[in-house]
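Descriptive analysis of the structure
One-letter residues, chain by chain:
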Amino acid sequence: MTSNEILMLAVGLLTGAQLTNLMHAYWASQDARRDAAAAETALKRSIGDRDLNTFRLERLQQRTGTRS
């Protein structure tokens, strides 16, 4: 191999490594965005469940005539 071929091989390897690193960073940001959306959805669901359970408890207390 000539020195130019060796240099082009090294440049190609480094370019490939940089592109791979860039792809992993992009995928990590996509995963982080997806996880944040899932966490927000879970939070909204838990708040809704809490409110629904509070409403059910109030209706049961009204029906039985008890208050805490």
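One structure accompanies this document, and this report is about it. Note that the structure is predicted; figures quoted are calculated from it, not measured.

Here we look at the overall build of the protein
The helix and strand inventory of the protein stands at one helix and zero strands. Its C-alpha radius of gyration of 29 Å places the protein more than 25% over the 11 Å reference for a compact globule of 68 residues. On the principal axes, the C-alpha backbone points of the protein span a range of 95 × 10 × 10 Å. In the protein, which comprises 68 residues, the proportion classed as buried is 1%. Distance between charge centroids for the protein: 15 Å, based on 9 positive and 7 negative side chains.

A few points about the environment of A38
Along the chain, A38 falls in helix α1 (residues 3-64). Taking relative accessible area as the criterion, A38 reaches 46% and is therefore assigned partly exposed. For the pair formed by A38 and T64, sequence separation is 26 residues and the distance between their alpha carbons is 39 Å.

A short note on α1
Between the first and last C-alpha of α1 there are 90 Å, a value that for 62 residues agrees with the 92 Å anticipated at 1.5 Å per step. Looking one or two residues past α1, G65 carries a phi angle of roughly 80 degrees, positive in sign.

Observations concerning the pattern of salt bridges
Within the structure shown, the criterion is met by three salt bridges. Here D31 ties to R34 by a salt bridge, and the two come within 2.8 Å at their closest N and O atoms. Note that D31 and R34 are positioned in helix α1 at a spacing of three residues, about one turn of the helix. On the accessibility criterion, D31 (38% relative accessible area) is partly exposed. The residue D51 makes a salt bridge to R50 at a minimum N-O spacing of 3.5 Å. Owing to a relative accessible area of 41%, D51 belongs among the partly exposed residues under this scheme. A relative accessible area of 52% places R50 in the exposed class.

Basis of the calculations
For every chain, the first residue of the written sequence is number 1, and numbering continues from 1 along that sequence. The model is predicted, so local features are restricted to residues of pLDDT at least 70 and side-chain atom pairs to those at 80 or more, both for listing and for counting; the totals for chains, interfaces and linings are taken over all residues. As a convention, hydrogens and water are excluded, and side-chain values are obtained from all of the structure's heavy atoms. A run of H or I in DSSP counts as a helix once it spans at least four residues, and a run of E counts as a strand once it spans at least two, with each numbered from the N terminus. The globule rule used here is 2.2 Å times the number of residues to the 0.38 power, and the radius of gyration it is set against is calculated over C-alpha atoms. Throughout this description, buried means an accessible area under 20% of the type-specific maximum (1.4 Å probe, protein chains only), exposed means over 50%, and partly exposed covers the range between. When charges are counted, Lys and Arg contribute as positive and Asp and Glu as negative, whereas His and the chain ends are disregarded. Throughout, a charge is located at the NZ atom of Lys, the CZ atom of Arg, the CG atom of Asp or the CD atom of Glu. In this scheme, a helix's expected span is set at 1.5 Å multiplied by one less than its residue total. Any carboxyl oxygen of Asp or Glu that lies within 4 Å of a side-chain nitrogen of Lys or Arg is treated as forming a salt bridge with it.

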